[in-house]
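# Architecture at a glance
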Amino acid sequence: MNSEVLTSRIGIGFDVHKFSQGRKLILGGVEIPSEKGLEGHSDADVLLHAICDALLGAAALGDIGKHFPNTDERFRNISSLILLEKTNELLCQSNFFIGNIDVTVIAEKPKLLPYIDEMKMAISRILKINLSQISIKATTSEKLGFTGREEGIAAMAVALIFKKDSVD
């Protein structure tokens, strides 16, 4: 008699990128009006990079650098939505599915509240999960550290995933 058991796993992701002139600011797959963007090999979307690392970590599949190295020209200026989609494919291949994702973005500027719903919709569409499974929050560091000096943006994410295992 076969039955299924659900195994839950939690992963944490963290990413930072410094500001750079002449680049678009992309967060959560959404272009945010800003004088500066973030520097990076891809589109430097710290929010999506943190989610990718949280998901990959929860599944014990390594990290974003292992799967999408910044030394690989295929990933130069790539949309991080594509990286998130590929991350989700890796999860699916390993029989994992997403419970929920919670992200905090740390930035003094720009204010992100007006864009959070659009970010959640973009992430929901790529991961094929409900909006209710995604939480995105933005905070400042009260003018402390590199984010407080407006030198860059940081993001932290946690993800809960599940795996269906057959038990004989």
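The sections below set out a description of the structure shown in this document. (Residues numbered from 1 in each chain as written. Predicted model: local features only at pLDDT ≥ 70, side-chain atom pairs only at ≥ 80, totals over all residues. Heavy atoms only, no water.)

The subject of this paragraph is the sheet that holds strand β6 (residues 134-139). Sheet architecture is open: 5 strands sit in the order β4-β1-β7-β5-β6, paired in mixed fashion. The open sheet has two free edges, formed respectively by β4 (37-38) and β6, since each of these has just one partner strand. Packing of helix α1 (residues 46-58) onto the sheet brings it into contact with β1 (3-20), β4, β5 (96-106), β6 and β7 (152-167), and relative to β1 it is tilted by some 150°. (Pairing = 2+ DSSP bridges. Helix = DSSP H or I, 4+ residues; strand = E, 2+ residues; numbered from the N terminus. Contact = heavy atoms within 4.5 Å. Axes fitted to C-alpha atoms, helices over the stretch in contact; angles between N-to-C directions.)

The description of an aromatic ring pair rests on the distance of the ring centres and on the angle between the ring planes. Taken as a whole, this structure holds 2 aromatic pairs when the rule is applied. Both rings, one in Phe 68 and one in Phe 75, keep their centres 5.5 Å apart while their planes meet at 85°; by these two values the pair is edge-to-face. There is no split in this pair, since Phe 68 and Phe 75 are both buried. (Phe/Tyr/Trp six-rings, centres within 6.5 Å; stacked < 30°, edge-to-face > 60°. Buried < 20%, exposed > 50% of the residue type's maximum accessible area, 1.4 Å probe, protein only.)

To continue, consider unusual backbone geometry. Most peptide bonds take the trans configuration, and most residues that are not glycine carry a negative phi. Cis geometry marks the peptide bond from Lys 109 to Pro 110; its omega dihedral reads -5°. Its location among the elements puts Pro 110 in the loop between β5 and α4 (116-127). In this structure, Glu 142 takes a positive phi of about 55° despite not being glycine. You can see Glu 142 is positioned in the loop between β6 and α5 (145-148).

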